[in-house]
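A look at the structure
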Amino acid sequence: MRGFGRCTAAVAAWPAAALATSETAQVLRIGGAGAALGTMHNALAAFALRGRPLQARVVSHLGGAGSLRAVEQGVLDLALISRPLQVDERMRGLRAWEYGRTPFALATAMPGLTGLTRARLSEMIEDPRATWPDGTPVRLVLRPKTDGDHVLMASMGPLVEMALARASARAGMVVAMTDQEAVDAVVRLRGGLGAFGLSLILASAPSLSLLALDGVAPTVANVENATYRIVNRMHVVTLGEPRGAALELVQFLQSPDGLTMLAQLGHSTRIAR
């Protein structure tokens, strides 16, 4: 867990009200995908407002995969991931609860853009000299080929999948290891283009705009009416069944207040249990 050691300096405190517990209370240790961390900040703040504050801390920039390893080793209590668990992960004792689905879409800070077609997207990925309509070079921000967000972006179509495979093999491409690194790169790079969940954009990147794909907007309503099908499936993961503060957090996310909060933060909660 050398990566965890480097990240501990980046531990962020929850709002002061959410930390107003006794010294003997359990500290809920959380890490995971950037698409979920903002949601969890809001959940902890909501707990405090209900008079049931949980003492918690989060390790930032650890990502979903690193957080799963940390949960297995007992370093974290909760991992937040944007995909279902794999069979081998479940066999190692990890347990996941899906709390929402958020549309996953192309995003950029370029002004005046509302959408792309799949054909145009594949051309922009394929051509290292591609430009936006105003002539600004497209700066594509990739994820590792094993990352779930890479897989989701590739699912935007066969031509997109082939273009991504070739772009990933090109020298000099920007490859972000975590959600937050990807957001930071797209915001920083003029002409940046990436792909993210709506929940991540609402929580930490309001300057980015999600783009419609072939005219279909990436909204919660379109996820629920099945016209937009590319989604991050957001899960809370524990080692074994959740207990103590972890169980309280899971129960809150299933409560009427929790479901309302999730909807406000870009999640569909219409999930078959």
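Located above this text is the structure these notes cover.
**Examining the nonpolar core**
In this structure, Leu106, Met153 and Leu253 are the most contacted members of the largest nonpolar core, which totals 72 residues. When residues of this core are assigned to their parent elements, the largest contribution, eight residues, is made by helix 2 (residues 34-49). If we skip the residues at most four places from it in the chain, Leu106 touches Leu116, Leu121, Met153, Met156, Leu193, Gly194, Ala195, Ser209, Leu210, Leu211 and Leu213. Counting residues in each nonpolar core, the second largest holds 11 residues, with Val59, Leu62, Leu94 and Val237 among its members.

**Observations concerning the side chain of Thr102**
Structurally, the position occupied by Thr102 is in strand 5 (residues 94-108). From its side chain, Thr102 meets the backbone nitrogen of Leu198 in a polar contact 3.4 Å long. A polar contact is formed between the side chain of Thr102 and the backbone nitrogen of Ser199, at a distance of 3.0 Å. If we skip the residues at most four places from it in the chain, Thr102 touches Gly197, Leu198, Ser199, Ile230, Val231, Asn232, Met234, Gly266 and His267.

**Focus: the packing of helix 5 (residues 118-126) against helix 7 (residues 158-168)**
Direction vectors running N to C along helix 5 and helix 7 enclose 10 degrees, while the axes themselves pass 8 Å from each other. As summarised for this structure, helix 5 and helix 7 are arranged roughly parallel, according to the angle between their axes. Each of Arg118, Leu121, Ser122, Ile125 and Glu126 in helix 5 lies in contact with helix 7, whose residues at this interface are Leu159, Val160, Ala163, Leu164, Arg166 and Ala167. The class makeup of the residues in the contact of helix 5 with helix 7 is seven nonpolar, one polar and three charged.

**Notes on the pairing of strand 5**
Of all 15 residues in strand 5, 12 are buried, a share of seventy percent or more. Relative to strand 12 (residues 231-239), strand 5 is paired through nine bridges, and the arrangement is antiparallel. By the bridge assignment for strand 12, Leu94 is matched with Leu239. Note: strand 5 against strand 9 (residues 192-197), five bridges, orientation antiparallel. Across the sheet, Ala105 pairs through a bridge with Phe196, a residue of strand 9. Of the pairings in the sheet, the one linking strand 5 to strand 10 (residues 209-210) comprises two bridges and is antiparallel in character. Directly across from Ala107, in strand 10, lies its bridge partner Leu210.

**A short note on helix 7**
For helix 7, every residue scored as buried is listed here: Val160, Ala163, Leu164 and Ala167. The arc enclosing the buried residues of helix 7, seen along the axis, measures out at 105 degrees, which places them on a common side. Taken together, the buried residues of helix 7 touch helix 5, strand 7 (139-142) and helix 6 (148-154).

**Quick notes on helix 5**
Residues of helix 5 that are buried: Leu121, Ser122, Met124 and Ile125. Buried residues of helix 5, seen end-on, are gathered within an arc of 160 degrees and therefore sit on one face of the element. Residues of helix 5 that are buried in the fold lie against strand 5, strand 6 (115-116), strand 7, helix 6, helix 7 and strand 9.

**Points about the pairing of strand 9**
Counting buried positions along strand 9 yields six of six residues, so the element is predominantly enclosed. Where burial is concerned, the two faces of strand 9 agree: the one with Gly192, Gly194 and Phe196 and the one with Leu193, Ala195 and Gly197 are both buried. Judged from the two bridges that link them, strand 7 and strand 9 form a sheet pairing that is parallel. Considered in strand 9, the bridge of Arg139 is made with Gly192.

Criteria and cut-off values
- Throughout this description, residue numbers start from 1 for each chain and increase along the sequence as written.
- Side-chain atom pairs in this predicted model are given and counted only at pLDDT of 80 or more, local residue features only at pLDDT of at least 70, and totals for whole chains, interfaces and linings cover all residues.
- The basis for every side-chain value is the complete set of non-hydrogen atoms in the structure, without hydrogens or water.
- Here the nonpolar core consists of buried residues drawn from Ala, Val, Leu, Ile, Met, Phe, Trp, Tyr and Cys, with membership extended through side-chain atoms lying within 4.5 Å.
- Whether a residue is buried, partly exposed or exposed follows from its accessible area with a 1.4 Å probe, protein chains only, as a fraction of its type maximum: under 20%, in between, or over 50%, in that order.
- Starting at the N terminus, helices and strands are each numbered in turn, a helix being any DSSP run of H or I of at least four residues and a strand any DSSP run of E of at least two.
- Residue contacts are counted whenever heavy atoms from the two residues lie within 4.5 Å of one another.
- By the criterion applied in these results, polar contacts are pairs of N or O atoms within 3.5 Å in which, for protein atoms, one can donate a hydrogen and the other can accept it, and in which residues neighboring in sequence qualify only through two side-chain atoms.
- Axis lines are fitted through C-alpha atoms, for helices just across the contact stretch, and the angle between N-to-C directions can take any value from 0 to 180 degrees.
- In this scheme, roughly parallel covers angles under 35 degrees and roughly antiparallel covers those over 145, while 65 to 115 is roughly perpendicular and the rest are oblique.
- Under the scheme applied, nonpolar residues are Ala, Val, Leu, Ile, Met, Phe, Trp, Tyr, Cys and Pro; charged residues are Asp, Glu, Lys and Arg; polar residues are all the others, including Gly.
- For two strands to be treated as a pair, DSSP must find at least two bridges joining them.
- The reported arc concerns the directions from the helix axis to the C-beta atoms and nothing else.

Shape descriptors only; they carry no functional weight alone.
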